[in-house]
Each structure stands twice: as C-alpha cells, then as structure tokens.
Amino acid sequence: MEKVTPLHVTNHFRNHQKEYQEIDTRLDKTRETFLNADRSEQIRMLQKSHSFAVISVQTPVDIHEKAFTQLWENDTPVQDLESALESVNYKNNKADYIRHSINNGHMWADVTDMLENGNIDKAHKFVLDNMKGVGPAKAPFTLAMLGFKQKACIDANIVDVMGLEKHVSTVVVEKYDQIVEDLRNKMPTLKEVTSPFLWQWVVFDWNRGEISKHKTFYKIVGTF
C-alpha cells in the first residue's frame, strides 16, 4: 500500500473543494443559529451534539446516525433511551451518559455562557470535566459540530492517518490543542486553508474514502 503523504490528503480536499465549502458554510450557519437562539434552544442544541458524540464512540456510522435520529424524533429525546440505542455498542452506558446530559440542563447553560463570551477553551474544559461519556477527543467534537471550528477531534481516523502510536489522552486543553496544531503543521498547505475542525473533517473523510456531511445531525439541529 502506498504510504500516506500530506499531498494525498490535500489533493482530496482540492478535488472536493465545493463540498467542503458547503460543509464549512453549514458550520458557520450552525454557530450563528446557536448564538442567536434562545437559551432553551441553545441547551437543547448542546444536548443533541453531546448525544451525537457519545453515540459515535466505537459504533459504525450508519448505526450511530440511525440511533441518533430515533433518539431525537419529534425534536425531543425519547423516554426509553435504551430502546433508541438498541443497536449501539455500550448502549446502557451511553443511555446513562445521555440521560445525565438531559437532566442537567443547567450545566449546559453554563457552557452556553462561556461560548457566548468567546471562552471556547473554558467551555471545552467544562464539558470534558463535567459531562459524561465524552473524553479528550469527543468533548471538543461536541463544540466543533456546532460550528466552533477552533476545536478538532483526534479520533481513530486521525490517529491512523497521522501515524500516532496511541490515542491522545491529555485532559489539559492547551496540550490537546497544541497536539492538534502539531498535526496540522505536518500538512501546511491544507492547514493554511482550513480551520482545525475542517482540517480534521478532511482527514477523517480521506481515511474513510467518502465525504461525510453529517446530514442526520444537521437536520436534527435545524441547519441542513
């Protein structure tokens, strides 16, 4: 198999630049929608993003997105979380994590305050420390999916493409973000034209051999 080089991934971006511009525009639209929503809707958007991140862990994309849709049918979480997550790996644990999120809207209100004030790193740390089921990679993913593109998710695909020996485990936000920057520096041409999250999105897609638009998520939050 041919060795992966930065040029492979950058060429993938160039070949699909229109699709990635659409994705980037949707991220911006989602962030603006979040920042202009009333407080209850902001909390709900964060809860949806958190559940999307939780369900995604070690679960195939098709199963993950189907469960997410079932969970949030009619724009409210179903009462029987375990039933919605029936096909999901670690469904009972994940149901507990999502239930904790739904029952603690006041915590998401605190996160909203941080995001509205531009304290993205503080929000990142708060989610990592207080919200269940999202570790070093999925805590920033929770924010990034809502358009806070300064954050990125170093998931298994990034670990694979970038040749990391293990998953990133630091809970220090500054160290995590520096690792992201160090990885992006290995692809300087792509870094120059993408935010941290869009860079990660491109690498994720290249490794999986498809363009992931996450339509399911953005339909549920109302920005697709």
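Residues numbered from 1 in each chain as written. Predicted model: local features only at pLDDT ≥ 70, side-chain atom pairs only at ≥ 80, totals over all residues. Heavy atoms only, no water.

### Comments concerning the nonpolar core
- In this structure, Val 111 and Leu 115 are the most contacted members of the largest nonpolar core, which totals 68 residues.
- Here this core gets seven residues from one element, more than from any other, and that element is helix H3 (residues 39-56).
- Excluding residues within four positions of it along the chain, Leu 115 makes contact with Phe 34, Leu 35, Leu 46, Ile 120, Ala 123, Leu 143 and Phe 148. (Core = buried A, V, L, I, M, F, W, Y, C linked by side-chain atoms within 4.5 Å. Buried < 20%, exposed > 50% of the residue type's maximum accessible area, 1.4 Å probe, protein only. Helix = DSSP H or I, 4+ residues; strand = E, 2+ residues; numbered from the N terminus. Contact = heavy atoms within 4.5 Å.)

### Some words on the layout of surface pockets
- The calculated volume of the largest pocket comes to roughly 630 Å³.
- Residue lining of the largest pocket: 30 residues in total, with Ser 56, Val 57, Gln 58, Lys 138 and Asp 155 positioned closest to the centre.
- For the lining of the largest pocket, the elements supplying multiple residues, two or more each, are H3, helix H4 (61-71), helix H6 (91-103), helix H9 (138-144), helix H10 (156-161) and helix H13 (196-208).
- In terms of residue count, the dominant contributor to the lining of the largest pocket is H13 (five residues).
- Across the lining of the largest pocket, the residue classes tally to 15 nonpolar, 11 polar and four charged. (1 Å grid on protein atoms, 1.4 Å probe; cavity = no way out; pocket = protein on both sides within 12 Å on 5 of 7 lines; lining within 4 Å. Points joined across faces, edges and corners; volume = space filled by probe spheres on them. Nonpolar A, V, L, I, M, F, W, Y, C, P; charged D, E, K, R; others polar.)

### Concerning the pattern of salt bridges
- The final tally for this structure, using the stated rule, is 17 salt bridges.
- Taken together, the salt bridges that share partners define one network made up of Asp 24, Asp 28, Arg 31, Glu 32 and Lys 149. (Salt bridge = Lys/Arg side-chain N within 4 Å of Asp/Glu carboxyl O.)

### Concerning the environment of Val 172
- Here Val 172 is to be found in the loop between H10 and helix H11 (173-184).
- Expressed as a C-alpha distance, the spacing of Val 172 and Leu 128, which sit 44 residues apart in the sequence, is 9.6 Å.

### Quick look at the side chain of Thr 10
- Considering the arrangement of structural elements, one finds Thr 10 in helix H1 (residues 6-15).
- Its relative accessible area of 5% is what places Thr 10 among the buried residues.
- With near-sequence residues (within four places) excluded, Thr 10 lies in contact with Thr 189 and Leu 190.

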